Amino acid sequence: MSNSSKIKKVAKKLLELSLDDQGRVGVDKVKAVLDSLRENPPSDHRTLLREFLFQVRRYLPNYQCELETANDAQSDLNSVLTEKVNASKEADYTLDASLNKVLIAGYKLRIGDDVYEDSIHQRLENLRRTLS
Amino acid sequence: MSSITELIRKEIESLSTDPTKTNVGTITALADGVAKVEGLSKVMFNEMVEFPNEVLGIALNLEEDSVGCVILGDTSSLKEGDEARTTGKLLSVPVGMELLGRVVDAVGRPIDGKGAIKSEVEFPVERIAPGIIPRKSVDQPLQTGIMAVDSMIPIGRGQRELIIGDRSTGKTTIAIDTIINQANINKQGEKSGDPDFRPVYCIYVAIGQKNSNIARTIKVLEQTGAIDYVTIVSAPAADNPANQYLAPYAGCAIGEWFMENGRDALIVYDDLSKHAVAYRQISLILKRPSGREAYPGDVFYLHSRLLERSARLNEDNGNGSLTALPIIETQMGDVAGYIPTNVISITDGQIFLETDLFNKGIRPAVSVGLSVSRVGSAAQIKAYKKVAGKVKLELAQFRELAAFSQFESDLDATTKARLERGARIVEMFKQGAYNPVPVEVQTAVMWAMQNDFFDSIPVSQISEAVISLKDFLKTQGQEPCSEIYISGKMEEETEQKLRTAIEEWKRSFA
């Protein structure tokens, strides 16, 4: 087995140790894992941490999605989108909302590497492509 | 003014207002024209990936954690952390009659300054080759206009004939001559108004060549009026390896459109050695395991899947054809190299060009012994087959005898006669660049040689005599040539007319 695949295997194990009862990455659990690694540093500490980060990032979209909106007051939209995402994915998702003025109006929802967008910015971009 | 606003308003109305779904990723590493992208979990193999600033790439390595994308264009505007998104489209190029007379890059974008290509059809660059059922044996000739090739190594429509030789031995010239000859035949056919006439459209793919060489080729095609029947796909040495890797497949897709629409097309890949080198470069950067001469393991498949797309389709599938003339550059005449042997085994024969012959002034420098056409003879016209049947054997015997006779002071009469005949045939086959000869004139000249009309002319004057005879046959002695052109046969009556014409020429030449 090559070194990189060993590291990958260990990182996956660390991810498993970081999950709470609900199958979500728990902050306390991650802290404990990191503390333990700091106390007993492995030979490829930095590479292992990077791989661990990659595994965590890949795991988070299983229950977390990011929402960007053009305005602050979008609580209705947030709840509607959360409901729709939960229904379509058959899971309990949490929405991480943020502000993005570039959108002008509308929203951009990111679940893992899938992006759903309905904004003025995107429409203008489509128009520009059609005309160019 | 109102019409402009109306136009834009309509465009806005036609735009979809539904949310769009895209699959995105982030560039984690970027080097040597290859981007490693994290994400893009739904990307397909060979799918076009869009990067910022409208830079496109192709997904070539689908790994567990990342995707290796080859960038098609300027990578200087990209950086680590940039977003990449899938397009849902496999790499496609525009195809159709609109591409004739145009110069395009590896993704079908015009680079000749003649404006946009108004083609509505696109073909994917990578396609599966026609299977066994839609194919048909090669049975129609594709004349190159080069006597040495058409007589001894005839090519048929749908054949794959390799042109192989060292640098500067006239490989490209043979390909360009063939293209010019197709254009001449097309013009003649269109002029005749024959409803059964099938023009041959050409695609010239320049891979890893100097821009000056490509410009020179375009100029020759323009000067000879052949450009109207040709599409040039250019991926010069200055282009990134991804474009050089894709160019032959793009050219093939353009040719396939003609084939699938019941037309005949000819494609020249100039050259596949550089194509293999570009692919090796990409593979090494993508960290694929390397094999012999550092080429990746699938370098055979790289060329076999390309050349297998050239075919002759049967009547049920439109009766179209795509003939391929791949070019391979050898090092020091070594045909046993990795890439040359691969391509030799894929193609239906090869035209081998020798540096020694080229330097001796025998041009085209075709090596009779090493050149072969495995299927083309079935497509040769009857008249030509009749006069050229023995010439390859005679020339091979001459080369063998010429080697032995160097050590002999006293030669018997038969050997002397064979040497004399061989020397005359060699002289007859000498032909200038970009000057293809129509098949009926070639047949007449070969007939004259077989019927001893050149025997009384000194060997040193044969080239001159052949040029003079060709001119005569194109002007005063047209009748027998026209009969050969129309019937494709050498009837007794035609033979008699030809004899009279050549006797007349000989009197004037003497």
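Treat the numbers as computed from the prediction; the structure is a model and nothing was measured. (Residues numbered from 1 in each chain as written. Chains lettered and ligands numbered in written order. Predicted model: local features only at pLDDT ≥ 70, side-chain atom pairs only at ≥ 80, totals over all residues. Heavy atoms only, no water.)

## Quick notes on the domain arrangement of chain A
Domains assigned within chain A are domain 1 (3-60) and domain 2 (64-131). One C-alpha centre belongs to domain 1 of chain A, the other to domain 2 of chain A, and the line joining them spans 30 Å. (Domains from an automatic or database assignment.)

## Examining the nonpolar core
All names here are of chain B. Counting 140 residues, the largest nonpolar core has Tyr-269, Phe-429 and Phe-454 as its most contacted members. Looking at this core, the element that brings in the most residues is helix α5 (residues 241-260), giving twelve residues. Every residue in contact with Phe-429, bar those within four places of it in the chain, is listed here: Met-147, Ala-148, Ser-151, Met-152, Arg-363, Pro-364, Val-391, Leu-395 and Met-446. Judged by nonpolar contacts, the second largest core, of 14 residues, contains Ile-27, Val-55, Ala-59 and Cys-69. (Core = buried A, V, L, I, M, F, W, Y, C linked by side-chain atoms within 4.5 Å. Buried < 20%, exposed > 50% of the residue type's maximum accessible area, 1.4 Å probe, protein only. Helix = DSSP H or I, 4+ residues; strand = E, 2+ residues; numbered from the N terminus. Contact = heavy atoms within 4.5 Å.)

## Thoughts on the layout of surface pockets
Once rolled over the atoms, a probe with the size of a water molecule shows which space is left empty. Quantified by volume, the largest pocket comes out at close to 1,300 Å³. Around the largest pocket, the lining is made up of 38 residues, and of these A:Arg129, B:Glu50, B:Glu54, B:Leu56 and B:Thr87 lie nearest the centre. Listed by contribution, the elements that provide at least two residues to the lining of the largest pocket are α5 (120-131) of chain A together with β1 (20-31), β3 (47-51), β6 (83-90) and β7 (92-95) of chain B. Residue composition of the lining of the largest pocket, by class: twelve nonpolar, 13 polar and 13 charged. There is about 910 Å³ of room inside the second largest pocket. For the lining of the second largest pocket, the secondary structure elements donating two or more residues are α3 (171-192), α13 (439-450) and α15 (478-487) of chain B. When residues in the lining of the second largest pocket are grouped by element, the largest group, eight residues, is from α3(B). Residue composition of the lining of the second largest pocket, grouped by class: ten nonpolar, eleven polar and nine charged. If you count residues domain by domain, the lining of the second largest pocket takes at least three from each of domain 2 (93-379) and domain 3 (385-509) of chain B. (1 Å grid on protein atoms, 1.4 Å probe; cavity = no way out; pocket = protein on both sides within 12 Å on 5 of 7 lines; lining within 4 Å. Points joined across faces, edges and corners; volume = space filled by probe spheres on them. Nonpolar A, V, L, I, M, F, W, Y, C, P; charged D, E, K, R; others polar.)

## Focus: the domain arrangement of chain B
With domains assigned, chain B is organised as domain 1 (23-89), domain 2 (93-379) and domain 3 (385-509). Centre-to-centre, using C-alpha coordinates, domain 1 of chain B lies 60 Å away from domain 3 of chain B.

## A word on the pattern of salt bridges
Under the counting rule described, the total for this entry stands at 41 salt bridges over all chains. Of the charged contacts in the structure, one is a salt bridge between B:Asp65 and A:Lys8, with a shortest N-O distance of 2.8 Å. Of this pair, B:Asp65 sits in the loop between β4 (55-62) and β5 (66-72) while A:Lys8 sits in helix α1 (residues 3-17), which puts the two residues in different chains. Between A:Arg58 and B:Glu64 there is a salt bridge, and its shortest N-O distance comes to 4.0 Å. (Salt bridge = Lys/Arg side-chain N within 4 Å of Asp/Glu carboxyl O.)

## Observations concerning the packing of helix α7 (residues 299-307) of chain B against helix α8 (residues 338-346) of chain B
Residues and elements named next belong to chain B. For the pair α7 and α8, the least separation of the axes is 10 Å and the interaxial angle reads 35 degrees. As α7 runs across α8, the sense of the crossing is right-handed. Side by side, α7 and α8 meet where Val-299, Phe-300, His-303, Ser-304 and Leu-307 of the first sit next to Tyr-338, Ile-339, Asn-342, Val-343, Ser-345 and Ile-346 of the second. Residues of the contact of α7 with α8, tallied by class, amount to seven nonpolar, four polar and no charged. (Axes fitted to C-alpha atoms, helices over the stretch in contact; angles between N-to-C directions. Left-handed = near helix turned anticlockwise from the far one by under 90°.)

## Focus on the packing of aromatic side chains
All names here are of chain B. Following the criterion strictly, the structure yields nine aromatic pairs over all chains and no others. Pairing Tyr-245 with Tyr-249 gives two aromatic rings, centres 5.7 Å apart and planes at 65 degrees, and the pair type is edge-to-face. With Tyr-245 and Tyr-249 both in helix α5 and four residues apart, this pair spans about one turn of that helix. Each member of the pair, Tyr-245 as well as Tyr-249, carries the same accessibility label: buried. Taking 5.3 Å as the distance between ring centres and 25 degrees as the angle between the ring planes, the aromatic pair formed by Trp-505 and Phe-509 counts as stacked. Of this pair, Trp-505 and Phe-509 both sit in helix α16 (residues 492-509), four residues apart, roughly one helical turn. Through a chain of ring-to-ring contacts, three or more aromatic side chains come together here, namely Tyr-201, Trp-257 and Phe-258. Directly above the ring of Phe-123 sits Arg-127, whose terminal nitrogen or CZ lies 4.3 Å from the centroid. (Phe/Tyr/Trp six-rings, centres within 6.5 Å; stacked < 30°, edge-to-face > 60°. Lys NZ or Arg CZ within 6 Å of the ring centre and 35° of its normal.)

## Quick word on the interface of chain B and chain A
Chain B puts 20 residues into the contact, and the matching count from chain A is 22 residues. Between chain B and chain A, the buried area comes to about 2,000 Å², and carbon and sulfur atoms account for 41% of it. Taken together, the links from chain B to chain A amount to nine salt bridges. Between B:Glu64 and A:Lys12 there is a salt bridge, and its shortest N-O distance comes to 3.3 Å. Inspection of the region where chain B meets chain A yields 15 residue pairs in polar contact (both at pLDDT 80 or more). (Buried area = accessible area lost by both parts, 1.4 Å probe. Polar contact = N/O pair within 3.5 Å; in protein donor to acceptor, adjacent residues only side chain to side chain.)

## Topic: the environment of B:Ser463
Residues and elements named next belong to chain B. Mapping Ser-463 onto the fold places it in helix α14 (residues 462-475). Looking at Ser-463, the relative accessible area reads 22%, which means it is partly exposed. In the structure, Ser-463 is positioned 34 residues away from Phe-429 in sequence and 8.2 Å away in space, judged by C-alpha atoms. Contacts of Ser-463, omitting those with residues within four sequence positions, involve Glu-427 and Lys-430. Polar side-chain contacts of Ser-463 include one of 3.0 Å to the side chain of Glu-427.

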